[in-house]
Amino acid sequence: MKIADSFPAVPASLNSLPSTRTMYRALVRRDSSYEGVFLTGVKTTGIFCRPTCRAKKPKPENVEFFPTVSEALHGGYRPCRLCRPMDSTKPVPALVEQLRRAAEAAADGRVTDKDLAAMGVEPSTARRQFKAYHGLTFHAYQRARRMGLALRDVKVGRPVIEVQLAQGYESTSGFRDAFTRIFGQPPRDARAGHCLLAQRLETPLGTMLAVADDAGLRLLEFADRRGLERELAGLRRRLKCAIVPGSNATLEETGRQLARYFAGESLAFELPLAPVGSAFQLRVWAELGKIAPGTTRSYAGMAAKLGIPKAPRAIGRANGSNMLALVIPCHRVIRADGSLCGYAGGLWRKQRLLEHEQKYAR
Ligand SMILES: [Zn+2]
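Residues numbered from 1 in each chain as written. Predicted model: local features only at pLDDT ≥ 70, side-chain atom pairs only at ≥ 80, totals over all residues. Heavy atoms only, no water.

## Thoughts on the sheet that holds strand β1 (residues 39–42)
Here four strands make up an open sheet; going across it, the order is β3-β1-β2-β4 and the pairing mixed. The strands lining the two open edges of the sheet, one partner per strand, are β3 (63–66) and β4 (78–79). Strands β1 and β3 of the sheet are contacted by helix α2 (residues 20–29), whose axis makes an angle of about 105° with β3. (Pairing = 2+ DSSP bridges. Helix = DSSP H or I, 4+ residues; strand = E, 2+ residues; numbered from the N terminus. Contact = heavy atoms within 4.5 Å. Axes fitted to C-alpha atoms, helices over the stretch in contact; angles between N-to-C directions.)

## Overview of the packing of helix α12 (residues 279–288) against helix α14 (residues 312–320)
Packing of α12 against α14 brings their axes to within 9 Å, and their N-to-C directions diverge by 80°. Comparing the axis directions of α12 and α14 gives the class roughly perpendicular. Within the contact between the two elements, α12 uses Phe280, Gln281, Val284, Trp285 and Leu288 and α14 uses Ala314, Ile315, Ala318 and Asn319. Here the contact of α12 with α14 is built from residues that sort into seven nonpolar, two polar and no charged. (Parallel < 35°, antiparallel > 145°, perpendicular 65-115°, else oblique. Nonpolar A, V, L, I, M, F, W, Y, C, P; charged D, E, K, R; others polar.)

## Points about the coordination of the zinc ion
For the zinc ion, the protein coordination sphere consists of Cys49 (SG), Cys53 (SG), Cys80 (SG) and Cys83 (SG), at 2.2 to 2.4 Å. Summarised as a motif, the one-chain spacing of the donors to the zinc ion is C-x3-C-x26-C-x2-C. With Cys53 in the loop between β2 (47–49) and β3 and Cys83 in the loop between β4 and α4 (94–105), this residue pair connects regions lying 30 residues apart in the sequence. Across the pair, Cys83 and Cys53 agree in class, each one buried. (Donors = N, O, S within 2.8 Å, 3.2 Å for Na, K, Ca; no water. Buried < 20%, exposed > 50% of the residue type's maximum accessible area, 1.4 Å probe, protein only.)

## Quick notes on α12
Among all positions of α12, only Val284, Trp285, Glu287 and Leu288 are buried. Each buried residue of α12 lies within a common arc of 160° when the element is viewed along its axis, so the set occupies one face. Tucked into the core, α12 has its buried residues touching β9 (297–298), α13 (299–305), α14 and β10 (333–334). (Arc of directions from axis to C-beta.)

## Side note on the nonpolar core
One broad trend across soluble globular proteins is that nonpolar side chains are buried collectively. Ranked by size, the top nonpolar core spans 36 residues in total, and within it Leu217, Leu220, Leu258, Leu288, Met302 and Leu326 carry the most contacts. Within the residue set of this core, elements represented by two or more residues are β5 (196–203), β6 (206–213), β7 (216–222), α11 (249–262), α12, α13 and α14. Sequence-distant contacts of Met302, defined by excluding residues within four places in its chain, comprise Val284, Glu287, Leu288, Ile291, Arg297, Ile315 and Val333. (Core = buried A, V, L, I, M, F, W, Y, C linked by side-chain atoms within 4.5 Å.)

## Examining the pattern of salt bridges
In this structure the tally under the stated criterion is eight salt bridges. Close ionic contact of Arg297 with Glu287 constitutes a salt bridge, the shortest N to O distance being 2.9 Å. Here Glu287 lies in helix α12 and Arg297 lies in strand β9, a separation of 10 residues in the sequence. Considered together, Arg297 and Glu287 belong to a single accessibility category, that of buried residues. (Salt bridge = Lys/Arg side-chain N within 4 Å of Asp/Glu carboxyl O.)

Printed below as a string of structure tokens:
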């Protein structure tokens, strides 16, 4: 499997959970290294919890396990008031952050088990937490990051052979193969190419995935959105480049503005946007951007504004193909009778977003 394909297109819901026995044991021990790996629904109370919750532990036959908050919610459970499993603005686990920083500090982007041991970190625990939080293994992350460094070097004109040796590849073909697998083209041709950077962002409504390059933000979606893999594949194809984990100024600013949005401090986004779509889609999305927070518009209203009153259906489709959730506010379009209609991120999110905006709009 390509690295670029394995990240970040695997929705958290598809990540396999550990065995039920392992999870139940972790639950009884309140093992914090499983924090973020699974959630438990208690059938007798209808409540879902973190593994470390201090509430009395249920009998095995009364427990259901879920990989994500949204799946626990869809399973009909409500969040526990003791351990607050919905407070997903929780910071990145310290251990995960430590690993990421170590990989970034390492000149060659390589952090070995020996390095981890020297940091006082138990490698298997660290790797499990990293995988649970970022949705890809620490190994794959480092490999992708090394290749990102290699691409940068090749782009500024450093000879391929030097880059290859600096990345620790002794054989030219091994380097070329690894490079091509990630970026879709051999190193020699990559100078003109670029890659898309992808970052996870935590919000009170669940994890979002943000993708950007130098042109601006290309995608912002809830990670469990249906069709996300198709969208990512579409971006790779349209822009002819790979998606690798990383960050840039646009992604950092996106994270800051999302935090302000969910805190109710500012519902407006001011970000460089670079949506990918047809001329018609771009026109519809630009119109969506004019719907003020705290207000909604119907499909017919959209069609009238765009001067194509007979085409509400085409507008509905363009709405649904928006890849920049929240910042292009497709959630503000509802039916003429006021009822919500489809939202790829789930109707419960659309409802919550509109309530949130009504509360804080000024
Ligand atoms: Zn709890």
